[in-house]
Amino acid sequence: SALHRKAQRTTLFALPLLFRSPCARLCIMKSGGAALLALLLVGTALAVTPVQKVIHLLENMQAKGKDEKHQEQVQFAAFKQFCDDTTTDKQ
């Protein structure tokens, strides 16, 4: 989604800024890279994976199929009623 893409761009943009700050560099050095790892994990968690994209695509296809099936059932019911009425009128 757009939110995930924005978060991913923000994370990728913020990564170089993280190293510019002396305080941040000190924190990363003292924590053994845990802060950097946490930042990368957050960016990875917000990014949409290809598998998630396929799942989303399949869910959308399923919803569209159900909607089309319902519309077809309504249209067929109206046609069947027309046929039944016409048959009754002709007899």
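Residues numbered from 1 in each chain as written. Predicted model: local features only at pLDDT ≥ 70, side-chain atom pairs only at ≥ 80, totals over all residues. Heavy atoms only, no water.

**Topic: the overall build of the protein chain**
Part 1 of the reasoning: Across its full length, the protein chain carries 4 helices and 0 strands.
Part 2 of the reasoning: Counting from the amino terminus, helix and strand elements in the protein chain follow one another as α-α-α-α.
Part 3 of the reasoning: Taking all 91 residues of the protein chain together, the buried fraction comes to 7%.
Part 4 of the reasoning: Of the accessible surface of the protein chain, which amounts to about 7800 Å², a share of 67% is contributed by carbon and sulfur atoms. (Helix = DSSP H or I, 4+ residues; strand = E, 2+ residues; numbered from the N terminus. Buried < 20%, exposed > 50% of the residue type's maximum accessible area, 1.4 Å probe, protein only. Areas by Shrake-Rupley, 256 points an atom, 1.4 Å probe, with all protein chains shown as cover.)

**Let's talk about the pattern of salt bridges**
Part 1 of the reasoning: Across all of its chains, the model carries 1 salt bridge by this definition.
Part 2 of the reasoning: Salt-bridge contacts for Asp84 lead to Lys80; the nearest nitrogen and oxygen are separated by 3.2 Å. Of the two residues, Asp84 and Lys80 both sit in helix 4 (residues 50-90), 4 residues apart, roughly one turn of that helix. (Salt bridge = Lys/Arg side-chain N within 4 Å of Asp/Glu carboxyl O.)

**Points about the confidence of the model for the protein chain**
Part 1 of the reasoning: Residues of the protein chain with pLDDT of at least 70 account for 49%, and the chain-wide mean is 75.
Part 2 of the reasoning: Here helix 1 (residues 2-20) stands out as the element of the protein chain with the lowest mean pLDDT, 54, in contrast to helix 4, whose mean of 96 is the highest. (pLDDT = per-residue confidence, 0-100.)

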